[in-house]
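# Descriptive structure summary
Here is what each chain is made of, one letter per residue.
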Amino acid sequence: MKIAIIGTGNLGSSIAKGLINNRSFTSLYLADKNTANVDVYKTEEYVTVTHDNVLAVENSDMVIFALQPKHINAVLESVASKITDKHIIISVAAGVEIPRIEGIIGKDKNIIRVMPNTAISIGKSMTCIAANTKAHDKVALAQDVFNQLGTTLVIPEDLIQAATVICASGIAFWMRLVRATTQGAIQLGFEAHEAHQLATQTCYGAASLLLESGRHPEQEIDRVTTPSGCTIEGLNAMEHQGLSSALIQGIVASFEKINQIKKN
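Since the model is a prediction, treat every value here as computed from it, not as a measurement. (Residues numbered from 1 in each chain as written. Predicted model: local features only at pLDDT ≥ 70, side-chain atom pairs only at ≥ 80, totals over all residues. Heavy atoms only, no water.)

## Here's the deal with the overall build of the chain
Within the chain one finds 10 helices and 8 strands. For the chain, the C-alpha atoms occupy an extent of roughly 70 × 40 × 30 Å along the three principal directions. The proportion of buried residues among the 264 residues of the chain is 39%. Counting only contacts in the chain whose residues sit at least 6 apart along the sequence, the fraction spanning at least 24 positions is 61%. Accessible surface, the chain: about 14700 Å² in total, of which carbon and sulfur atoms supply 55%. Within the chain, one finds 22 positive and 25 negative side-chain charges whose respective centroids are separated by 6 Å. (Helix = DSSP H or I, 4+ residues; strand = E, 2+ residues; numbered from the N terminus. Buried < 20%, exposed > 50% of the residue type's maximum accessible area, 1.4 Å probe, protein only. Contact = heavy atoms within 4.5 Å. Areas by Shrake-Rupley, 256 points an atom, 1.4 Å probe, with all protein chains shown as cover. Lys, Arg positive; Asp, Glu negative; His and termini not counted. Charge placed at Lys NZ, Arg CZ, Asp CG, Glu CD.)

Right, dumping it as structure tokens:
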């Protein structure tokens, strides 16, 4: 498939990196007024880095708009006349609903909202997908692309906001937990690089256990907590300090914020 990415900031460039690493295209256009994040790909075969959004749209089947919400209207308006009913239009703009996009380029266009996270650059994204009525038969194509960059889940559009918090913002939440574990390990006597390795590999192992076993987290917790042991002592101390409550409150706060963005 001929793919274009319009907007090459952190998320757009992460998607580009993932696509290039997996060769998930026949041609790839990377377009932005500032292409600094993707200039490294100028010499890649079948990759074109450009400042011309129209050129990118005209030479692509699937166009991924990786833009901030405040910019998407103007960019869509500038290329709307070049978008046909053959294009698959994908938006990863947080808080920008499909009706808003339809209002600019038309309900007769294939429009899909996709919410990946920055782990897409290493093929480990959790990506949620929702489509308008016109694009229902194009969802499988979007999944074909994004399944090469991680895992996908098709959901109703009214859950995309929540998915943005859990999956996209969630990367930052987990990073903060890893950082805290690293700091704790340093306090216990490990060198910083050792603490980082211990924290990241343990986090990776915990997620892998859940994914491969299909078990509930509490089942895995039960396997490492012994009566009067150090693990349950630590868990209870964390809960007394509000670990679970703080995480849930943070998730809800992020959700409230993204709903404010949606209204703007």
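So that's the structure; there's more coming.
## Describing the UniProt feature "domain: Pyrroline-5-carboxylate reductase catalytic N-terminal" (unreviewed entry) in the chain
In this numbering, the UniProt entry assigns the feature "domain: Pyrroline-5-carboxylate reductase catalytic N-terminal" (unreviewed entry) to residues 2-95. End C-alpha atoms of residues 2-95 are separated by 26 Å, and the span's content is 32% helix alongside 23% strand. (UniProt positions renumbered as here; feature names shortened; annotations may be inferred.)

## Regarding a nonpolar patch on the surface
Together, Leu188, Phe190 and Leu198 make up an exposed nonpolar region whose accessible area comes to about 330 Å². Of note, phenylalanine 190 is situated in the loop between α6 (160-187) and α7 (192-213). Taking relative accessible area as the criterion, phenylalanine 190 reaches 41% and is therefore assigned partly exposed. (Patch = residues over 30% accessible without salt bridge, like charges linked within 9 Å, V, L, I, M, F, W, Y side chains within 5 Å. Salt bridge = Lys/Arg side-chain N within 4 Å of Asp/Glu carboxyl O.)

## Observations concerning the pattern of salt bridges
Scanning all chains against the criterion turns up 7 salt bridges. Across the salt bridge formed by arginine 23 and glutamate 44, the nearest N and O atoms sit 2.6 Å from each other. Taken together, the residues span a long stretch of sequence, with arginine 23 in the loop between α1 (10-22) and β2 (27-31) and glutamate 44 in the loop between β2 and β3 (47-50) at a distance of 21 residues. With a relative accessible area of 40%, arginine 23 lands in the partly exposed category. Through salt bridges with shared partners, a single ionic network connects Arg215, Glu220 and Arg223.

## Focus on the UniProt feature "domain: Pyrroline-5-carboxylate reductase dimerisation" (unreviewed entry) in the chain
UniProt records the feature "domain: Pyrroline-5-carboxylate reductase dimerisation" (unreviewed entry) for residues 157-260 in the present numbering. Span residues 157-260 is 84% helix and 0% strand, its end C-alpha atoms 17 Å apart.

## Comments concerning the nonpolar core
Here is a general trend for soluble globular proteins: nonpolar side chains tend to be buried in one another's company. Counting residues in hydrophobic clusters, the biggest one holds 29 residues, and the most contacted among them are Ile5, Leu19, Leu28, Leu30, Ile64 and Ile90. Those residues within four positions of isoleucine 5 in sequence are excluded, and the remaining contacts are Gly12, Ile15, Ala16, Leu19, Leu28, Tyr29, Leu30, Ala31, Ile64 and Ala66. (Core = buried A, V, L, I, M, F, W, Y, C linked by side-chain atoms within 4.5 Å.)

## Concerning the environment of isoleucine 72
Structurally, isoleucine 72 can be placed in helix α3 (residues 69-79). Discounting chain neighbours no more than four positions away, the residues touching isoleucine 72 are Phe65, Leu67, Ser91, Ala93, Val96 and Arg100.

## Some remarks on the sheet that holds strand β5 (residues 88-91)
Spatial strand order, β3-β2-β1-β4-β5-β6-β7-β8: 8 strands in an open sheet with mixed pairing. Strands at the two margins of the open sheet, each flanked by one partner only, are β3 and β8 (150-154). Neighbouring strand axes in the sheet, compared pairwise and without regard to direction, differ in orientation by 20° on average. Set on the sheet, helix α5 (residues 139-147) makes contact with β1 (2-6), β4 (62-65), β5, β6 (110-115), β7 (125-131) and β8; between it and β8 the angle comes to about 155°. (Pairing = 2+ DSSP bridges. Axes fitted to C-alpha atoms, helices over the stretch in contact; angles between N-to-C directions.)

## A word on unusual backbone geometry
The phi dihedral of tyrosine 46 is positive, around 70°, even though this residue is not glycine. Looking at the element boundaries, tyrosine 46 is found in the loop between β2 and β3. Residue classification places tyrosine 46 among the exposed positions, given a relative accessible area of 51%. We note that serine 228 has phi near 60°; this positive angle belongs to a residue other than glycine. One can find serine 228 in the loop between α8 (217-224) and α9 (230-240). Accessibility expressed as a relative area gives 81% for serine 228, which makes it exposed.

## With respect to the side chain of serine 91
Mapped onto the elements, serine 91 comes out in strand β5. A polar contact is formed between the side chain of serine 91 and the backbone nitrogen of alanine 93, at a distance of 3.2 Å. Apart from the residues within four sequence positions on either side, serine 91 is in contact with Phe65, Ile72, Ile101, Ile112, Arg113 and Val114. (Polar contact = N/O pair within 3.5 Å; in protein donor to acceptor, adjacent residues only side chain to side chain.)

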